[in-house]
Amino acid sequence: MTQSDRKIRVLIAKPGLDGHDHGAKVVVRALVDAGFEVIYTGLRQTPEMVCAAAVEEGVDVIGLSSMAGSHLPFCRKLAVLMKDNGLKDKLWIIGGNLPAPDHAVLREIGLHGIFPTGAKFADIASFIRENVR
Amino acid sequence: MTAEKPSLRRVINESGIEIKPLYTQDDVIASGGTEMIGLPGEYPFTRGIHPTMYRKQPWTMRQYAGFGNPQDTNNRFKFLIDNGQTGLNVAFDLPSQIGLDSDDPAAEGEVGRVGMSVDTLADMEIAFAGIDLEKITVSLTINGSATVMIAMYLAMAEKRGYDISKLRGTAQNDILKEFIGRGTWIFPVDASIKLVADTVEYCAKHAPKYSPVSVCGYHIRDSGADPVQEMAYAFNIACAYIDSALARGLDIDEFAGRLSFNFNIFGNLFEQVAKFRAARGLWAKIVKERYHPKKPSSMGLRMIAGGGGGGLTFEQPENNIVRTAYYALISALSGTQTMALCSYDEAYTIPTEYSARISLRTMQILIEEMGLADTVDPLAGSYYVETLTNQMRQKMVEAMDDVDARGGIVKLVAEGWIQAQVSSQAYNMAKKLESGEFRKVGFNCYRVEEEEKQVEFHPYDESDARRQIDSLNAVRARRDKAQVDAALARIEADARAEVNVMPAIMEAVKTYATVGEITKTLVNVYGRYREPIRF
């Protein structure tokens, strides 16, 4: 274990124009309860906004919550920005309405953890603990 | 042997009411008696807002539909009408819902994705081509940009020769709930309510048969609220709109009869039926005691129900066919005016023609085979249902009073207090679902090893966006730019003068001004909403 006293900092962002934030807010609460420090961006985040928030907040984990189907184009853009802004080594996860055929594509883009509808809070928390760098 | 009697497990419904194993007349009396039951079509309307309900006319079947460009959506509308659907319920894409043109950089990847794309009046004309707007009433699921879309719809109807003073139809146009759940807000809270009042006033004067607002408990519930919060917050919101319309000098009877409501249906069958029966009586009482209408119809709770995507599961999607059939049954037992039944694949994707037709057939089976349209309020007089109806009504009153005591719904939404209540409730429920304390078949019990999902995904056609942008550019090229600019200038002037902007928006959409242009003009005056992040 290389964990310092500092809590793991997680950014939860709601990408794109969709406003269904039930899932994002529930995950924020679950991660806070699990002992993480969580920053929630609110709605309508562009890839640029997510990247800027991640840099500014010095987070260890970038989490996206997606419901309405625009996750692939969004993640493709964010991947480029993360690389350009020194965020390549951050743990990158996504949850929400993510069709199974898209999971391999998301991994190819660079996502480390994929938590489709029905994923358990405990699984998200332990994935972060085991994989954060 | 002196074995102890096995103790029964405790049952507490989602609204926090403990359910007894047996109900008798004593429970009805203890919970408040039979005073609020009455007769259908009469105050307090607990049993229904019409005397004969479905015997005269079954509920309107109004499936939520729309995707791609307006032509794709027009084709789906015609498919649904050909299959016996009796109303339309329009889904707009996200750029249209938040006032962005299809070629706005922020709209990239979202054009036509979750609904149809509408940039100008030309799109509205294509979407409804060949559909008789007197026979088929249209509900527009639109909120942030509702002023523009209502104007485009009315202008389209006028162009086709309909008399808008006789035109029926509905716009969702409930912006306060967008701040709580769903999130398609544009302007700050106060300006948003001002715009709702503009539409109510405009319709009262020019399109008195049109329902300019459908107040939604639905999305508040889908965001995690319990059934009591769903109804209470919706009624708090409805009162806020009524107050703002009355402040314009309108008479309650000029518009209250055209207010409608949109509620969620998932959950326990008896709790849901009691919720609606309680809500009808409570709403009538509120309108009567606070606003003193002369017309009885001003007190009737007109509603759409049947959607309940939040109750469907991703796991074992075919089970959702069964769930939605029960949702339809609940809606029918609850005396809804309109049903928009969710489709079994909605936990995944936009419904296919196949799944949308199953939902339609579900409702038709209830009417044609199961006798749900034969008699009014068939659960009335059940000791259990009447007791629960009384108890739910009492809880709704308490929740509404709590909001008022804390400063009222408008203040609490602006501060994010309501949002925090709802997401806290959502988290509690999520934990109960994870622990199995609250049972969900296929999710936390009776699971099967996941096989390859059988659901067919609605494909997103990237070329639709290209075609939509081309057609937007073609409209821009052929319209009179000077006319558009003058119309936009009038909107800005009227907004600054704090007068009703609907007449100016009506004029602007007829010049083929775009939703993006009109929205930007209003943002120049009102600014944009900033979301309070509060947990």
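Basis of the calculations
- Residues numbered from 1 in each chain as written.
- Chains lettered and ligands numbered in written order.
- Predicted model: local features only at pLDDT ≥ 70, side-chain atom pairs only at ≥ 80, totals over all residues.
- Heavy atoms only, no water.
- UniProt positions renumbered as here; feature names shortened; annotations may be inferred.
- Contact = heavy atoms within 4.5 Å.
- Buried area = accessible area lost by both parts, 1.4 Å probe.
- Salt bridge = Lys/Arg side-chain N within 4 Å of Asp/Glu carboxyl O.
- Polar contact = N/O pair within 3.5 Å; in protein donor to acceptor, adjacent residues only side chain to side chain.
- Helix = DSSP H or I, 4+ residues; strand = E, 2+ residues; numbered from the N terminus.
- Nonpolar A, V, L, I, M, F, W, Y, C, P; charged D, E, K, R; others polar.
- Buried < 20%, exposed > 50% of the residue type's maximum accessible area, 1.4 Å probe, protein only.
- Arc of directions from axis to C-beta.
- Axes fitted to C-alpha atoms, helices over the stretch in contact; angles between N-to-C directions.
- Left-handed = near helix turned anticlockwise from the far one by under 90°.

Identification of chain B as Methylmalonyl-CoA mutase subunit alpha from Paramagnetospirillum caucaseum is taken from an unreviewed UniProt entry.

An unreviewed UniProt entry lists chain A under the name Methylmalonyl-CoA mutase C-terminal domain-containing protein, with Paramagnetospirillum caucaseum given as the organism. A UniProt comment under Cofactor (unreviewed entry) is attached to chain A, and it reads "adenosylcob(III)alamin".

Asks: Teacher, can you tell me more about the interface of chain A and chain B here?
Replies: Taken together, the 31 residues of chain A in the interface contact 37 residues of chain B. Buried area between chain A and chain B, summed over both chains or domains, comes out near 2,900 Å², and the portion from carbon and sulfur atoms is 58%. Together, Leu17, Arg29 and Arg44 of chain A form the three largest contributors to the area buried by chain A at its contact with chain B, with a combined 26%. The partner of Glu108 of chain B in a salt bridge is Lys77 of chain A, with the nearest N and O atoms 3.6 Å apart. Between chain A and chain B we count 11 residue pairs in polar contact (both at pLDDT 80 or more) in total. Elements represented by at least two residues in the side of chain A that touches chain B include exactly helix H1 (22-33), helix H3 (71-84) and helix H5 (121-131) of chain A. Top element by residues in the side of chain A that touches chain B is H1 of chain A. It accounts for 7 residues. For the side of chain A that touches chain B, the class distribution of residues is 12 nonpolar, 11 polar and 8 charged.

Asks: Looking at this model, I keep getting lost on helix H2 (residues 47-57) of chain A. Mind explaining?
Replies: Helical geometry note: an α-helix holds 3.6 residues per turn, so side chains three or four residues apart project in the same direction. Residues and elements named next belong to chain A. Along H2, the residues classified as buried are Pro47, Val50, Cys51, Ala53 and Ala54. One side of H2 carries all its buried residues, which in axial view fall inside an arc of 165 degrees. Packing partners of the buried residues in H2 comprise strand S1 (9-13), strand S3 (61-66) and H3. Looking one or two residues past H2, Gly58 carries a phi angle of roughly 55 degrees, positive in sign.

Asks: What should I look at first to understand the packing of helix H11 (residues 269-291) of chain B against helix H12 (residues 319-333) of chain B in this one?
Replies: Describing two packed helices takes the angle between their axes plus the distance from one axis to the other. All names here are of chain B. The interhelical angle for the contact between H11 and H12, taken along N-to-C directions, is 35 degrees, at an axis separation of 9 Å. The element H11 and its partner H12 pack so that their crossing is right-handed. Each of Leu269, Gln272 and Val273 in H11 lies in contact with H12, whose residues at this interface are Leu329, Ile330 and Leu333. Looking at the contact of H11 with H12 residue by residue, the class counts come to 5 nonpolar, 1 polar and no charged.

Asks: For this particular structure, what's the right way to read the pattern of salt bridges?
Replies: Once the charged atoms of two side chains with opposite charge are near each other, the side chains can pair. Residues and elements named next belong to chain B. All chains considered together, the criterion is met by 36 salt bridges over all chains. For Arg248, the salt bridge is made with Glu201, and the minimal N-O distance between the two is 2.9 Å. With Arg248 in the loop between helix H9 (227-246) and helix H10 (252-255) and Glu201 in helix H7 (residues 189-206), this residue pair connects regions lying 47 residues apart in the sequence. What makes Arg248 partly exposed here is its relative accessible area of 29%. By relative accessible area, Glu201 is classed as buried at 16%. Here Lys285 and Glu289 are joined by a salt bridge, their closest N and O atoms 3.5 Å apart. Residue Lys285 and its partner Glu289 are located together in helix H11, separated by 4 residues, close to a single helical turn. We classify Lys285 as partly exposed; its relative accessible area is 31%.

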